[in-house]
Amino acid sequence: MTANKMWGGRFESGPAAIMEAINTSIDFDKRLASQDIRGSQAHADMLAQMRIIGKADAEAIQDGLIAIKREIERGRFPYRREYEDIHMNVEARLAELIGSAAGRLHTARSRNDQVATDLRLWVRDACARADAGLVKLQTALLAQATRHADTIMPGFTHMQPAQPVTFGHHCLAYIEMCARDRGRFVDCTRRLNESPLGAAALAGTSYPIDREMTAKALGFDAPMRNSLDAVSSRDFALEFLAAASIAASHLSRLAEEIVLWASPAYGFIRLPDAFSTGSSIMPQKRNPDAAELSRAKVGRILGAFAGLLVVVKGLPLAYAKDLQEDKEPVFAAADALELALAALAGMSGELQINKDAMRAAAEKGYPTATDLADWLVAKLRKPFREAHHLAARAVQRAEELGVSLDKLPLSEMKKIAPKITKDVYKVLSLEASVRSRTSLGGTAPKRVREQIAFWKGKL
């Protein structure tokens, strides 16, 4: 086996087969091809501008890179494992296309700053894709909220019926979560948007390069200010994975509720055919597999975050080959997040809502008991703790008689609170309870419609 022609001048023989297997990353880092070419184009322009390489060589390099980009886009690029990674594959192919001029492209840079630049560009694009997916999910949920601003459903705490809310209000809660997720990806983009290119291996370069020029060409806000940090930091990838993990946890919560709501025990929704599957043995089954798989994606994404955190936690400065392990978890997490977002946006937009089932469930569990306590405070001037106790006694009596609170006879109410009047029944219906929650952020339909209008303006 011969030494690698790209970097093997130090070695008399090539790597052992096992070394080649563990060292090669082209099988996964070829996903950085577009970013790698963009970085090389910016670098070549700068080298020519600073007269570090000649104009003719720069033009040949640019022509060759354009040709390679087309080969990649058309699926005709000859990826070769002996060249280890995407950077060396591109450079080797460039040499085949334009000859010795290709060797000038790597002047004043290293694979260390090259890969750091490529991955920052890729993660920046991934943040934008995640944001777009979150917008689609918000839009689908907003459409449901608009249709169901006054559709009553049970609100739960501890998975027990608590107080009635509207389905529109419930959808808006997830819209808020998605908004915070979007903010985290925006923050991640802002912090990562500095260019490592020009840091070279770890110490910078003696060539008179213009790092501001390459940073601007690649859409970065500025060059990174420390060459050691530039080639070795992967906190931007960790921040992306952290943001993805939190977003995935929100998606998992929504997916879990879809699974529950679609079950016969709830019957709140009917899933669209496009997002349901059948059983191989039970013909009656209608399985929410898309929601279940979306729920499971959080495990893969969170695992990617934890895995990369372990990789980088003890690395001394500057670059170490351990950092080759940064790409697969980032790619896998981004893929999983984008797929889950697409699935949940599709499902959420097409859910068929069973209003009757939602209302029937909302009537269970004495959900207007708090309204009774509030009435006792407002009308009879009871301290809330005493009112809470009296309302609990009313619930107990209603349970004994097998009726809902709004059907508990006034005579029974008076046994508990002698000064109570028939006006109490005005607050004990589901509609009255929902309408009364008019505080900012409350479930009252008029408040829900205000928030719908707000989000329509934002989206």
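To start, this report covers the structure provided alongside it. (Residues numbered from 1 in each chain as written. Predicted model: local features only at pLDDT ≥ 70, side-chain atom pairs only at ≥ 80, totals over all residues. Heavy atoms only, no water.)

Some points on the overall build of the chain
Broken down by element type, the chain carries 18 helices and 6 strands. The C-alpha radius of gyration computed for the chain amounts to 31 Å, which surpasses the reference 23 Å derived for 459 residues by more than 25%, pointing to a less compact arrangement than a globule. Based on the C-alpha atoms only, the size of the chain along its principal axes is roughly 100 × 55 × 40 Å. Across the 459 residues in the chain, those meeting the buried criterion constitute 47%. Put simply, 73% of the contacts in the chain that link residues at least 6 apart link residues at least 24 apart. Accessible area of the chain: about 22,400 Å², with a carbon and sulfur share of 53%. For the chain, the centre of its 63 positive side-chain charges and the centre of its 55 negative side-chain charges are spaced 8 Å apart. (Helix = DSSP H or I, 4+ residues; strand = E, 2+ residues; numbered from the N terminus. Rg over C-alpha atoms; globule rule 2.2 N^0.38 Å. Buried < 20%, exposed > 50% of the residue type's maximum accessible area, 1.4 Å probe, protein only. Contact = heavy atoms within 4.5 Å. Areas by Shrake-Rupley, 256 points an atom, 1.4 Å probe, with all protein chains shown as cover. Lys, Arg positive; Asp, Glu negative; His and termini not counted. Charge placed at Lys NZ, Arg CZ, Asp CG, Glu CD.)

Focus: the pattern of salt bridges
Throughout the structure, instances matching the rule amount to 31 salt bridges. The salt bridge involving Asp125 is made with Arg38; its shortest N-O contact spans 3.7 Å. Taken together, the residues span a long stretch of sequence, with Asp125 in helix H6 (residues 111–147) and Arg38 in helix H3 (residues 33–49) at a distance of 87 residues. Judged by its relative accessible area of 27%, Arg38 falls in the partly exposed class. A salt bridge links Arg447 to Glu450, with the shortest nitrogen-to-oxygen separation between them at 2.8 Å. Within this pair, Arg447 and its partner Glu450 are both found in helix H18 (residues 445–458), separated by 3 residues, close to a single helical turn. For Arg447, a relative accessible area of 23% gives the class partly exposed. (Salt bridge = Lys/Arg side-chain N within 4 Å of Asp/Glu carboxyl O.)

As for the pairing of strand E2 (residues 160–166)
Across 6 bridges, strand E1 (residues 152–157) lies against E2 in antiparallel orientation. In the strand pairing of E2, Gly155 is matched with Gln163. (Pairing = 2+ DSSP bridges.)

Quick look at empty space enclosed by the protein
Unoccupied space between atoms shows up once a probe the size of one water molecule is rolled over them. This model, assessed by the stated rule, comprises 4 cavities of 30 Å³ or more. By volume, the largest cavity is sized at about 70 Å³. Around the largest cavity sit Leu141, Gln144, Phe167, His170, Cys171, Tyr174, Leu254, Ile258, Trp261, Ser348 and Leu351, which together line it. Of all the secondary-structure elements, those providing two or more residues to the lining of the largest cavity are H6, helix H7 (167–192) and helix H10 (235–262). For the lining of the largest cavity, the element with the highest residue contribution is H7, accounting for 4 residues. Across the lining of the largest cavity, the residue classes tally to 8 nonpolar, 3 polar and no charged. Roughly 40 Å³ of volume is contained in the second largest cavity. (1 Å grid on protein atoms, 1.4 Å probe; cavity = no way out; pocket = protein on both sides within 12 Å on 5 of 7 lines; lining within 4 Å. Points joined across faces, edges and corners; volume = space filled by probe spheres on them. Nonpolar A, V, L, I, M, F, W, Y, C, P; charged D, E, K, R; others polar.)

Let's talk about the packing of H6 against H10
The relative placement of two packed helices is expressed as an angle between their axes plus a distance between the axes. Two elements in contact, H6 and H10, have axes separated by 10 Å at closest approach and are oriented at 20 degrees. Here H10 runs roughly parallel to H6, going by the angle between their axes. The two elements H6 and H10 cross, and the hand of that crossing is left-handed. Between H6 and H10, the contacting residues are Ala116, Leu119, Arg120, Val123, Ala126, Cys127 and Leu137 on the first element and Phe236, Phe240, Leu251 and Leu254 on the second. Looking at side-chain class alone, the contact of H6 with H10 contains 10 nonpolar, no polar and 1 charged residues. (Axes fitted to C-alpha atoms, helices over the stretch in contact; angles between N-to-C directions. Parallel < 35°, antiparallel > 145°, perpendicular 65-115°, else oblique. Left-handed = near helix turned anticlockwise from the far one by under 90°.)

So, the environment of His389
The topology assignment puts His389 in helix H15 (residues 384–401). The class of His389 is partly exposed, set by a relative accessible area of 49%. The spatial distance from the C-alpha of His389 to the C-alpha of Ile416 is 9.9 Å, given a sequence separation of 27 residues.

In short, geometric facts, not functional conclusions.
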